[in-house]
Amino acid sequence: MSLFGDDDAAPPSSRSGGGAKSTLFDNDDAAGAPATKTSSSMFGDPASPEDSSPWAGFTPKKKAGRGVGMVKSLLADARIPEFYVDTWDTLAAGRSTITGPEVRGLLGGSEIGKQQQDRIWQLVTGGAGEGTSIGRGEFNVLLALIGLAQEGEELSLDAVDERKTKLPTPSLPGLKKAAPEPPATPQQSRPGVQSIEPSTAGAKGFSGGFGDADPWGSPDVHKGHNHANGVSSAQPQRTTSTFTTTAAAPSEGNGNGVYGDVPSSAGDPGSSWGANNSYTAPSAAGFGGADGDGDGEGFGDEGVPSTRRSAAPRQTASKGAEETVTVAMLEEKEGMFLFQHRNYEVSSIRRNSKVIRRYSDFVWLLDCLHKRYPFRQLPLLPPKRVAINGNHIAADGLFIEKRRRGLARFANALVRHPVLREEQLVVMFLTVPTELAVWRKQATISVQEEFVGRSLPPNLEDSLPQNLQDTFETVRSGVRRSADLYINLCTLLERLCKRKEAISAEYGRFALNLTSITETTTDMFAIDTNDVPLLNEGIKATAKYLGTSQALLDDESRAWDEGYLEDLKSIRDGLVSLRDLFERRDRLSRDNIPQLEKRISSNESKLQTIKSKGDAAKPGEAEKVETAITTDKQSIVSQHARGIFIKECVRDEVVTFQQMIWRISRAHQEWASERVKYAELQADCWRALVDGVEGMPVGE
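Keep in mind it's a predicted model, so treat the numbers as computed, not measured.

Concerning the confidence of the model for the chain
Then, in step 1: Looking at the chain, pLDDT values average 74 and 67% of them are 70 or higher.
Then, in step 2: Every residue in residues 1–66 is under pLDDT 50, and counting partners more than four places away or in other chains gives 121 contacts.
Then, in step 3: Contacts of residues 177–319 to residues separated by more than four positions or lying in other chains number 246 contacts, the stretch itself having pLDDT below 50.

Below, the structure written as structure tokens:
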């Protein structure tokens, strides 16, 4: 809570009592509300601890009275260490939860005291019995608490919350990790080509509801493969699983779409960091066929020509005027005393809309977009307040103006994005005149990830270039360096604007002193005052045109501040948002397909053993194993499809980012024209000064 206004928290009096009312700003009470609460979801989704607060990543205050339901979402916005992910994969082995005895075993092997183990169990499970189970969110909190206990720190959820940015890494000597399988001898094939053949081992007695044929093949051929997802490697990356296709990988050569390997023709510029701007994806084998003659086959479709995705169009300058959203700050604050906040008028001429929004509305919108579009280039928000020497400043006029401009950049980045501008939340945010806090309580909006429910087109994976990962790494490296450079450029230009304002102020002082001199010239030259009037006229002309030059400097400084500097900041924001996109992809695009493949292989062997027993096997045991195998294979298909959608999405974002070339060009062209304009105005001013001092008296 801030005592300087502009805070989104409700007064304490409005939070007490009731408990049946769920509001956007009711984070503290929502955590400790009874389990009988009708809904904790603002969007009409099934109530879950993960979505109990849309402010998961944007509310830095501590949450008092946390309940067990908050444990799952406590580290939702934190950067989870690799150790946490690996430990979960080892224990869960593809499951969505781990059991209470497994948790107790993990605590027992952590070499911490019994009292500390009981305390951690109480915090994570709420004192539930051994029959309970926990998910990945609670498991991350569990490991963080173990790490805190080993460091001798306080064991509490607040302590974990304070260590979000740097979670402790516990020592778990009792954890037994699965031994890596020895790599299989690779088949002889051309470099960069991974031959995948269907295996019939272990498929004889298994139907799993799919008939005699196993559409996923066998996991044996995956031994020794590099299953890293989204990580660059010198070895060829797996792009398909035997559980998603039984076809050989497309052969290398011109039959594969590539980025950057096609020589640029004359006059065809490459990308900003050395990669070719366009890409080619000529015909090649599809999922189901091993031929390279262009007659690729889909999932089991024989003889059907593959309908390739058309090549991505080369980006050209945008046609027509871009949509522009203006954000104006209203003069009067709203609210009572310590809980006042500022409102902004957000208007769009193209949408013929004008709505009133507050800063927390922008935060809510960005939070929803992070949940629905984690692999899109999401714009940046300016900070709500800044800390100078430990003091938070939110009411400084200069800071408030910078925040208003940052909100305008945020809104304009949304409406210029080809996907985000069509999102229902964005359209509503820009057009619905109702107060957003009221609208959120009435509307039912889903913020599920955009890939949920989508089926993988048969030709999508084949249309992605083989060197796409290399292109991502090249772009990422260039974006990272360019972002730092543009951050420095913005700082330097701000200094130049202030320096120009300082020069303008000095011109004003200089002109004032010249005017004062004319009041003393009569006394100074009292012996002969005949030439004093002409002298004074020349001095006054100098002071006059210095004032004109001062006004031009002020105008030019303002033009730089509102024009070129804002252009540089927009470019900087775009670079930083793309850099953040690559970081989110590293965190959120992981899968556990290798672990699932190992478990399927184990279950298939187990199924054969059960069937070999015949009538001696326990009733229903074979069906249970078959169901587990089917579920794991469906999970592999789903995760594989999500990985392909993520690659396509990031590829599209990189292609869209190419439009930044034209924005950078326009910014430089407009700034150069402004420099010429003000240089000519200054030249006209000094020429007029030359004429003004022409009549000053001079010697014979």
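Description of the environment of L148
Then, in step 1: By secondary structure assignment, the location of L148 is in helix α6 (residues 136–150).
Then, in step 2: A relative accessible area of 2% places L148 in the buried class.
Then, in step 3: Remark: the alpha-carbon pair of L148 and P170, spanning 22 residues in sequence, is separated by 7.8 Å.
Then, in step 4: With sequence-adjacent residues up to four places away left out, L148 is seen in contact with E153, E154, L155, A159, V160, R163 and P168.

Digging into the environment of R666
Then, in step 1: By the element assignment, R666 lies in helix α18 (residues 660–692).
Then, in step 2: Once the C-alpha coordinates of R666 and Y564 are considered, the two residues, 102 residues apart in sequence, prove to be 10.0 Å apart.

Quick look at the packing of helix α5 (residues 114–125) against α6
Between two packed helices, what matters for the description is the angle formed by their axes and the separation of those axes.
Then, in step 1: Where α5 meets α6, the closest approach of the two axes is 10 Å, and the angle between their N-to-C directions is 150°. The angle between α5 and α6 falls in the class roughly antiparallel. Crossing angle aside, the handedness with which α5 passes α6 is right-handed. Here Q116, I120, L123 and V124 of α5 lie close against α6, whose contacting residues are E138, L142, L145, I146 and A149.
Then, in step 2: When the residues that make up the contact of α5 with α6 are grouped by side-chain class, the tally is 7 nonpolar, 1 polar and 1 charged.

Remarks on the packing of helix α8 (residues 359–372) against helix α9 (residues 397–415)
Then, in step 1: The contact between α8 and α9 brings their axes to 12 Å, and the two run at 35°. Like other packed secondary-structure pairs, α8 and α9 cross with a definite hand, here left-handed. Contacts between α8 and α9 involve Y359, F362, L365, L366 and L369 on the former and, on the latter, R403, L407, F410 and L414.
Then, in step 2: Split by residue class, the contact of α8 with α9 holds 8 nonpolar, no polar and 1 charged.

Some thoughts on the pairing of strand β6 (residues 343–348)
Residues in a regular strand project their side chains so that they alternate between the two faces of the sheet.
Then, in step 1: Among the 6 residues of β6, 5 are classified as buried, and the element is accordingly described as predominantly covered.
Then, in step 2: Two strands pair when backbone bridges link them, and strand β5 (residues 325–329) and β6 are joined in this way by 5 bridges, in the antiparallel orientation. Of the residues in β6, the one forming a bridge with M329 is Y344.
Then, in step 3: Here 6 bridges tie β6 to strand β7 (residues 353–358), and the two strands are oriented antiparallel to one another. Of the residues in β7, the one forming a bridge with Y344 is R357.
Then, in step 4: Linking two consecutive strands that pair antiparallel, namely β6 and β7, is a turn of 4 residues; a positive phi of about 55° is found at N352 within it.

Criteria and cut-off values
- Along each chain, residues carry numbers from 1 onward, in the same order as the chain's sequence is written.
- Under the rules for a predicted model, residues below a pLDDT of 70 receive no local features and side-chain atom pairs below 80 are neither given nor counted, while totals for whole chains, interfaces and linings still include all residues.
- Side-chain calculation: all heavy atoms of the structure are included, whereas hydrogens and water are not.
- Every residue gets a pLDDT, meaning the predictor's confidence in that residue, from 0 to 100.
- Any two residues having at least one pair of non-hydrogen atoms within 4.5 Å are treated as being in contact.
- Every helix listed is a DSSP run of H or I at least four residues long, and every strand listed is a run of E at least two residues long, numbered separately from the N terminus.
- Here the term buried applies to any residue with accessible area under 20% of the maximum for its type, exposed to any over 50%, and partly exposed to those in between, with areas from a 1.4 Å probe on protein chains only.
- An axis is simply a line fitted to the C-alpha atoms; with a helix, the fit covers only the stretch in contact. Between two such axes, the angle follows the N-to-C directions and lies from 0 to 180 degrees.
- Throughout this description, any angle smaller than 35 degrees is read as roughly parallel, any larger than 145 degrees as roughly antiparallel, any in the 65 to 115 degree range as roughly perpendicular, and the remainder as oblique.
- Handedness of a helix crossing follows the sense of rotation of the near helix relative to the far helix, less than a right angle counterclockwise being left-handed and clockwise being right-handed.
- Residues are grouped as follows: Ala, Val, Leu, Ile, Met, Phe, Trp, Tyr, Cys and Pro are nonpolar; Asp, Glu, Lys and Arg are charged; all remaining types, including Gly, are polar.
- When DSSP locates at least two bridges between a pair of strands, those strands are taken to pair.

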